[in-house]
Amino acid sequence: MASSHSSSPVPRPGSGGRDGIYRKDRDPSPPRCRTIRSLPDVCPKEPTGEVRGLCNGPSVVAEHDRWTVLSSKVNLPAALNDPRLAKRESDFFTKTWGLDFAETEVMPSFYLPNITREDFGPYLQEMAQRERIHERCKTICPNKDDVDPSSLGYTRYNCLHTDLCVFVLNFQIFMKPDFALDDPATFNNVLPWSHFNSAGGKSSRDVASSKLLQEKLSHYLDVVEVSIARQISLRSEAFFHAMSSQHELQDRLQETQQAVAVLRGRTAAMDRVMCQGPLQALRKAMTRNNCVKLHNKLKLMAAVHQTQPTVQLLLSTSEFVGALELIATTKEVLQQELQGIHSFRHLGSQLCELEKLIDKMMVEDFSMYSRSDLSRSLKDEPQVLEKERLESLVFGLLRQRKLDFLDIYSDEMILAAKAIVTQCVTDSVVHIEEIDTEVVIKQADQMRLMTFPQWFELLKNVFECFLLFLQRIKATLNIIRNVVVEVLNSNQKNRLLEQASSGASGQETSQSPSVLQGEAELAYLTHEGLFISDALNEAQQQAALAAQDQSSTVGSRIQQGRLETAGSDLTSGTSEMSASREQSIICSISKISSELELNRVVNNVQELLYTASDVSHDRCVKVLTARAKDGSLERLSSAEFVCLSQAVEGFVRDTEELSGRRSVSLRGALQSQANRFVHRFHEERKTKLSLLLDNERWKQAEVPAEFQDLVNSIADGKITLPERKTTGPDEKKPAEFLLVNGQKYAVVGTVLLLIRIFLEYCQCVNDIPSIATDMLTRLSDLLKHFNSRSCQLVLGAGALQVVGLKTITTKNLALASRCLQLVVHYIPIIRAHFETKLQPKQFSVLRHFDHITKDYNDHIAEISAKLVAIMDSLFEKVLSKYEVKAPMPSACFRNVCKQMAKMHEAIYELLPEEQTQMLFLRINASFKMHLKRQLARLGVINDGGPQHGLVVVDVAFYTENIQALKSLERLDLNMAEIWEQKR
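Conventions adopted
Counting from 1, residues in each chain are numbered in the order their sequence is written. pLDDT decides what is reported in this predicted model: residues at 70 or higher carry local features, side-chain atom pairs at 80 or more are listed and counted, and totals for whole chains, interfaces and linings draw on all residues regardless. By convention in this description, side-chain values take in all heavy atoms of the structure and omit both hydrogens and water. UniProt positions are given in the numbering used here, feature names are shortened, and annotations may be inferred rather than shown by experiment. Working definition: helices are DSSP H or I runs of at least four residues, strands are E runs of at least two. Numbering for both runs from the N terminus. Contact between two residues is taken to exist if any of their heavy atoms lie within 4.5 Å; hydrogens are not considered. Using a 1.4 Å probe, the Shrake-Rupley method yields the accessible areas, and only the shown protein chains count as cover for residues. Fitted lines through C-alpha atoms give the axes, limited to the stretch in contact for helices. The angle between two N-to-C directions lies from 0 to 180 degrees. Roughly parallel covers angles under 35 degrees, roughly antiparallel covers those over 145, roughly perpendicular covers 65 to 115, and oblique covers all other angles. Think of it as three bins: nonpolar holds Ala, Val, Leu, Ile, Met, Phe, Trp, Tyr, Cys and Pro, charged holds Asp, Glu, Lys and Arg, and polar takes everything else, Gly as well. A residue's pLDDT is the predictor's confidence in that residue, given on a scale from 0 to 100. With a 1.4 Å probe rolled over the protein chains alone, any residue whose accessible area is under 20% of its type maximum counts as buried; one over 50% counts as exposed, and the rest are partly exposed. Starting at the helix axis, one direction is taken to each C-beta atom, and the arc is that of these directions. Residues forming no salt bridge and having over 30% relative accessible area are the ones grouped into patches, like charges within 9 Å of each other and nonpolar side chains (Val, Leu, Ile, Met, Phe, Trp, Tyr) within 5 Å. Salt bridges, as used here, are contacts in which a Lys or Arg side-chain nitrogen is within 4 Å of a carboxyl oxygen on Asp or Glu. None of His or the chain ends enter the tally, which takes Lys and Arg as positive and Asp and Glu as negative. The location of each charge is read from NZ of Lys, CZ of Arg, CG of Asp or CD of Glu. Stacked, edge-to-face and tilted labels apply to pairs of Phe, Tyr and Trp rings (six-membered ring for Trp) whose centres lie within 6.5 Å, assigned for plane angles under 30 degrees, over 60, and everything in between, in that order.

For the chain, an unreviewed UniProt entry supplies the name Vacuolar protein sorting-associated protein 54 and the organism Amphiprion ocellaris. The record held by UniProt for the chain lists under Subunit (unreviewed entry) the comment "Component of the Golgi-associated retrograde protein (GARP) complex, also called VFT (VPS fifty-three) complex, composed of VPS51, VPS52, VPS53 and VPS54. EIPR1 interacts with GARP complex and mediates its recruitment to the trans-Golgi network. Interacts with VPS51 in an EIPR1-independent manner." The record in UniProt for the chain states the following under Subcellular location (unreviewed entry): "Golgi apparatus, trans-Golgi network".

Written as C-alpha cells, this is what we have:
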C-alpha cells in the first residue's frame, strides 16, 4: 500500500550508519503535514438535495439514507486493496513512497567531473587493511550497542516503520511469492532447528536461543499488526464513506424494484385487454402460412422423388440437355429447399454419379456423331447430319464445361481424311486392268503404276472429294459456332441485366428504413421481455427471412415448374426443346462457362477449320509424293506439268476461299516438284543445245516459215509458243534470212532452235509463275553456255576438231557475230517478260541479263577484231614485198584488192551495211598503216618524183577497187594519210 506522509527510510548497504540504514536528514523547521488522500469512491456520492427532473418514482441514481458500516457486504481486504495496482509486490519504491513517485532520468552536471573507479584507488588501498581488521573484530565480538541513542527521540511511527523495514531486510523469505511453510527448505530457513538439535541433548544455550527467536518473531508480528492497524485508521474515512454509499444504493434499488413490479402489472393488463386477440390472429395466420409452406415442400419432395426415373427416360431418348437441366434443378432444390431431409440424404451423391455418367455418354455420343458425319458419302447426303442432335450435344457439352470436344472432332476428321484418299485410290484402281491389286498391295505402288492421265484423274478426284469434305466440315462447325455465339450473347445480356437490377436495388434500399420502422412497432407489441432496440433488430431479421421465404417460394415454384415441364415434355414425346426451356438452358450455360472460355471455343472452331484445310493439303501431298518417288513427275512434259500446276493452284485457291487461310504444305510440295522439273527441263535443253553446237558447221541455214512466224509473234508482244501448224499444200518455202523488225539476220540452225528454247522458258514461266526466279537463273545459265561454247568453237577454232572443219573462215566469223547480235536483240524482251512475273523484291536477279548482254557485246567485238586481224596479217605479209616499180598497178596491190574483194563477198550479205562499212574502215586504216610503214622503209616521199607517181597510181587502183564494192561506194578512204608530212 502507498504511504501518505513522510518518506520512509531506504536501506543502503554501503552507507556509513551503524545500523546499516540510511536516514534522511530532518529539516529543522516544523514538519508540514500533508492532507490525507482517500481512495476514490467505488459508489455514487450522497444526494445533494437538488430537485429531480423525474417523477416521484424511485431513482437508480439518487440515494435517500446514509450508508453505515453495518450495511457493508464487502470484506475488509477487498476494501483496503488498491484496485489501481495489479501487482503491489512488483515495485518496491511505489509501495513505499506512494503513487506520486516516478523514476526519472537525472541529467548529469556539466560542472562535475566523471568519477571512475580509478579515482577511489588510493583510498581503497589505504582503507583495505583497516576494513579487514574491522570485519575480523565484528565476527569475533559483535557490538550490541551500535544503535544511536538519539534515535529514541523519533516518533513511534518511525520506530515501527524502522522495525518493519528491518524485518523485511532480515527476513526477505517472508516476502517471496512462493512462500510456503509446508516446504521443508522454507521451514528450516524460518525455524533453524539445526541450531537446537545437538548430539548431547538440549543445553541451556539452546533453550535461550529458542526463546530469543520466539520473542523476535513475536516482536515482528506485533510490528506488522500495528502497521496494519495504522493503515486502516488512515483509510477509515473512505471506508465508511463507501459503506454509506452502498446502503443508500440498496435502498434505491429496492424502490426501483417496486416501481418495475407496478409497471409490469400494468403491462400485463394491457396485454390481456389489447394484445391477446390480435396476437392470436397473427399466430393463426403464421400457422396457415407454415401449413402452405409445408404443403409446397411436400409437393416439391414428390417432384424430386420422380427425378431419377425421369432422368432415365430422358436418357433413353438421348435428351442429354434436358436430363442435365433436371439434375441441376434437383440439386439446387436439395441444397436450398430440401436441405436436411433425411430421406434424400443419398440423392445428391446419386445425382452427381448420374451426371458423370451423362458426361461420358455425351462424349461418346459426340464421338459417334462425328464419326458417322465424316465417314458418310460426300455427294448424295446433306451437308449437316441431324442438326438438332448436334445442337443438343453442343449445348450439353458446353453446360458441363467439356470444352475439349473439338479435339474429338479433330481426331475423327484426320481419320476421315485418310479414308477419303484410300477410297479414291481404290475406286480408281478398280477400273485399271493393268494393275493387279493382289500382287501390288500398297496404294503408293499402285499410284506409281498408273499412267499420268490416270493418276492425274485420280488427283482431280481427290481434290474434288476434299473440297466437299471441307464444305461439310465448315457447315458443321458453323452450327457449333452459332450455338457458342448464342450462349455468349446470352451471357452478355444477363450481365447487363444484372448491372441494371443492381442499380434499381440501390434505389429500393433507401425506402427500406421507413418500412422497417413501421414493422418495429408491431414487433415491439408482440415481443416479450426485451427492449425496443432488440425488437427492431428482430423485425429486420424477420423481414429478411420473409424476403428469403418469398424468393425461395418463387424459386421452388419455378424449380417445381421445371421438373413438371421436364416430365410433361417427356411424356408428350416432343423431341424439340421449347423456347423457354432452351432459353433457361442457355442461361444456365452462361452462368457456368465464362466469356473467356466461350471466346476460346469460338477461336478453336475457326482453328479447327484451318486444321481441316491443312489436313486436306497434307493428304494431297502424300498423293503427290507417292507419285514422285520414282521421279515420274520430273519426266513430265511442260504441258503435263502445267496441267498439274494449274490443278494444284485451283485446289489451293478453293480451299483458301473455304477456310479463309492459305495452306502452304501443298504449295511447298508443288514448289519442290517444280524445282526438280525446272532442273530436268534446263538440263535437257542445255544438253540439246550443247549437242547442236557440237554438230554445227557454222554455215548459213534456211529459215523455215514456222520460225519466222515465231519471231513475228514475239514482235507482236506475245512471248509464248504458238501452236504447231499442220503442213499443207500452201505451206511457205524456207527463207534465206530471218526478218526481225525489218532487219535481215543470217543465222545458223542452232540459233533458230535457241530462240525456240528461250521461248519455252518464257512459256513455262507463264504457266508456273512460282518458278520465275529459278527459271530466270537457268535461262541466264543457258545463254551464258551458248556464248561461251560458240566462242570456243569459232574464235577458239574448236570446230576444227569437233566438226572437222578445215579452217575458220571470215564467213564463219561473220555468221557467228550475226547470230550473237540476234540473241542480244532478244535479251531486253526476255528481261521485260520476266520482270512482269517477279515480285518487286526479286528484281535484283534481273542483273544477270545485264551481265549477259555485256558478255555478248564483248564477244561480237572480239569477232570484229578477229576479222580485222586476219586482214592485218595479210597486209603485213603482202606489203612487206612491195616495190615501187613498173608495171602499174603492181602485183602487190592487185593481190590486196583481190583479198579485199573476197572479204567483202564473204560478209556483205551476212552483216548489215553499217557494220560492213565500219569493218572496212578499220581494215583500210590497217592497210594505210602498213603501206605508210613500207613507203617510209623504201624512202618514197611525196615529192612529185617518179616513185611518188608510181605509188599514186597503185593507190588510185586500190581506191577504185574498194569503192567499186557493193555498199562501199561512199566510203571515204582518205589515202593522203600514207604520206609523211614534210619537215
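Undergrad: Help me understand the overall build of the chain in this model?
TA: When helices and strands are counted, the chain shows 29 helices and 2 strands. Intrachain contacts of the chain at a sequence separation of at least 6 include 79% that bridge at least 24 residues. Put simply, the chain shows about 59600 Å² of open surface, and 55% of that area lies on carbon and sulfur atoms.

Undergrad: Would you take a moment to explain the packing of helix H8 (residues 307–316) against helix H10 (residues 347–375) for this structure?
TA: Helices that pack against each other are described as a pair by the angle of their axes relative to one another and the distance between those axes. Interaxial distance between H8 and H10 falls to 12 Å at its minimum, and their mutual angle equals 5 degrees. The orientation of H8 with respect to H10, classified from their angle, is roughly parallel. Facing H8, whose interface residues are Thr 307, Gln 308, Val 311, Gln 312 and Leu 315, H10 presents Leu 347, Gln 350, Leu 351, Leu 354, Ile 358 and Met 361. Here the residues of the contact of H8 with H10 sort into 7 nonpolar, 4 polar and no charged.

Undergrad: What exactly am I supposed to notice about the confidence of the model for the chain here?
TA: Parts of the model with low pLDDT should not have their predicted coordinates read in detail. Residues at a pLDDT of 70 or more form 73% of the chain, whose mean pLDDT is 75. Low pLDDT, under 50, characterises residues 147–154; the stretch is placed with 6 contacts to residues that sit more than four places away or in other chains. The model gives residues 550–581 a pLDDT under 50, and that stretch makes 36 contacts with residues more than four places away or in other chains.

Undergrad: Whenever I open this one, H8 confuses me. Can you help?
TA: An α-helix turns once per 3.6 residues; consequently, residues spaced three or four apart project the same way. Taken residue by residue, H8 has Thr 307, Thr 310, Val 311, Leu 314 and Leu 315 as its buried positions. Along the axis of H8, the buried residues cluster in a sector spanning 135 degrees; they form a single face. Where H8 ends, the next residue or the one after it, Ser 318, has phi of about 60 degrees, a positive value.

Undergrad: What am I meant to see in the packing of helix H18 (residues 595–628) against helix H20 (residues 665–695) here?
TA: One way to put it is that H18 packs onto H20 with a least axis distance of 8 Å and a crossing angle of 25 degrees. In this view, H18 runs roughly parallel relative to H20, as classed from their interaxial angle. Residues Asp 614, His 617, Asp 618, Cys 620, Val 621, Leu 624 and Ala 628 of H18 lie in contact with H20, whose contacting residues are Ser 665, Leu 666, Ala 669, Leu 670, Gln 673 and Arg 676. Along the lines of polarity and charge, the residues of the contact of H18 with H20 split into 7 nonpolar, 3 polar and 3 charged.

Undergrad: Teacher, can you tell me more about the environment of Glu 391 here?
TA: Looking at the secondary structure, you find Glu 391 in helix H11 (residues 387–399). You can call Glu 391 partly exposed: its relative accessible area is 25%. Once residues within four sequence positions are removed from consideration, Glu 391 is found in contact with Ile 479 and Val 483.

Undergrad: What's the story with a negative patch on the surface in this structure? I'm lost.
TA: A surface patch of negative charge is lined by Glu 702, Glu 736, Glu 905 and Glu 909. Structurally, Glu 702 can be placed in the loop between H20 and helix H21 (705–715). A relative accessible area of 56% means that Glu 702 is categorised as exposed.

Undergrad: Which parts of the structure should I look at to understand the pattern of salt bridges?
TA: A pair can form between side chains of opposite charge whenever their charged atoms are brought close. As enumerated under the stated definition, the model contains 19 salt bridges in all. Between Arg 685 and Glu 684 there is a salt bridge, with its nearest N and O atoms 3.6 Å apart. We classify Glu 684 as partly exposed; its relative accessible area is 41%. Residue Arg 756 is joined to Glu 706 by a salt bridge in which the shortest nitrogen-to-oxygen separation is 3.4 Å. Residue Arg 756 is located in helix H22 (residues 749–767), and its partner Glu 706 is located in helix H21; the two are separated by 50 residues in the primary sequence.

Undergrad: Explain the packing of aromatic side chains here, please?
TA: Remark: the centre distance and the inter-plane angle together describe each pair of aromatic rings, the angle taken between the planes. This model, assessed by the stated rule, comprises 15 aromatic pairs. Aromatic pair Phe 452 and Trp 455: ring centres 6.2 Å apart, planes at 40 degrees, arrangement tilted. Here the residue Phe 452 and the residue Trp 455 both occupy positions in helix H14 (residues 452–509), the gap between them amounting to 3 residues, near one helical turn. Given the relative accessible area of 10%, Phe 452 is considered buried.

Undergrad: What am I meant to see in a nonpolar patch on the surface here?
TA: A surface patch of nonpolar side chains, about 420 Å² in accessible area, is lined by Ile 115, Phe 120, Tyr 123 and Leu 124. Positionally, Leu 124 belongs in helix H3 (residues 121–140). Take Leu 124: its relative accessible area is 42%, and that puts it in the partly exposed class.

Undergrad: Sorry if this is basic, but what is going on with the environment of Cys 892 here?
TA: Locating Cys 892 in the fold gives a position in helix H27 (residues 891–907). Setting aside chain neighbours within four positions, we find Cys 892 in contact with Val 878, Leu 879 and Tyr 882.

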